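# Structural overview
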Amino acid sequence: TIWDMANGKEVTSINLNFRGACSELIYSPDGKKIACGDDEGAISIWDVSTKTEIRTLIGHIKRINALSFSP
């Protein structure tokens with residue numbers, strides 16, 4: 001669920017079908033994408049407006065503990 005922090009109301013809900021438990025979640029600086037790092041070492045990138053998965057990055061062998069978007 002995505003909330004508007006200014007008024008405390010729900011904006012939308014996204015059913016993100018992650019492979020494992022989402023251990024780290026971050027918004028892109030423009031607010032258009034969400035990245036989720038899971039317990040199995042995968043990172044899923046989602047489009048907020050279309051609620052669709054853009055890409056899954058696989059290669060880590062352990063839980064994702066931190067994420068950051070880079071310009």
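### Let's talk about the pairing of strand S2 (residues 9-12)
Look at any regular strand and the pattern is simple: side chains alternate between the two faces of the sheet. Relative to S2, strand S1 (residues 2-4) is paired through three bridges, and the arrangement is antiparallel. Within S2, the residue paired with Ile2 across the bridge is Thr12. In this structure, the hairpin formed by S1 and S2 is closed by a connection of four residues, where Gly8 is found at a positive phi of approximately 75°.

### With respect to the environment of Ser70
Along the polypeptide, Ser70 turns up in the segment after strand S6 (52-57). With 41 residues separating them in the primary sequence, Ser70 and Pro29 have C-alpha atoms 8.8 Å apart.

### Concerning the sheet that holds strand S3 (residues 22-27)
Strand order in the open sheet formed by four strands is S3-S4-S5-S6, with antiparallel pairing between adjacent strands. In this open sheet, the two strands that pair with only one neighbour each are S3 and S6. With strand direction ignored, the average angle separating the axes of adjacent strands in the sheet is 20°. With five bridges joining them, strand S5 (residues 43-47) and S6 adopt antiparallel strand pairing. If you follow Ile45 over to S6, its bridge partner there is Arg55.

### Focus on the environment of Asn65
With respect to the secondary-structure elements, Asn65 resides in the segment after S6. Spatially, the C-alpha atom of Asn65 lies 6.0 Å from that of Glu24, the residues being 41 residues apart in sequence.

### Points about the pairing of S3
Judged from the five bridges that link them, S3 and strand S4 (residues 33-38) form a sheet pairing that is antiparallel. The residue of S4 that forms the bridge with Glu24 is Gly37. Hairpin remark: S3 followed by S4, antiparallel, with five residues in the connecting loop; positive phi at Gly31, about 75°.

Cut-off values and rules
Residues numbered from 1 in each chain as written. Predicted model: local features only at pLDDT ≥ 70, side-chain atom pairs only at ≥ 80, totals over all residues. Heavy atoms only, no water. Pairing = 2+ DSSP bridges. Helix = DSSP H or I, 4+ residues; strand = E, 2+ residues; numbered from the N terminus. Axes fitted to C-alpha atoms, helices over the stretch in contact; angles between N-to-C directions.

Read these as spatial facts, not as claims about activity.
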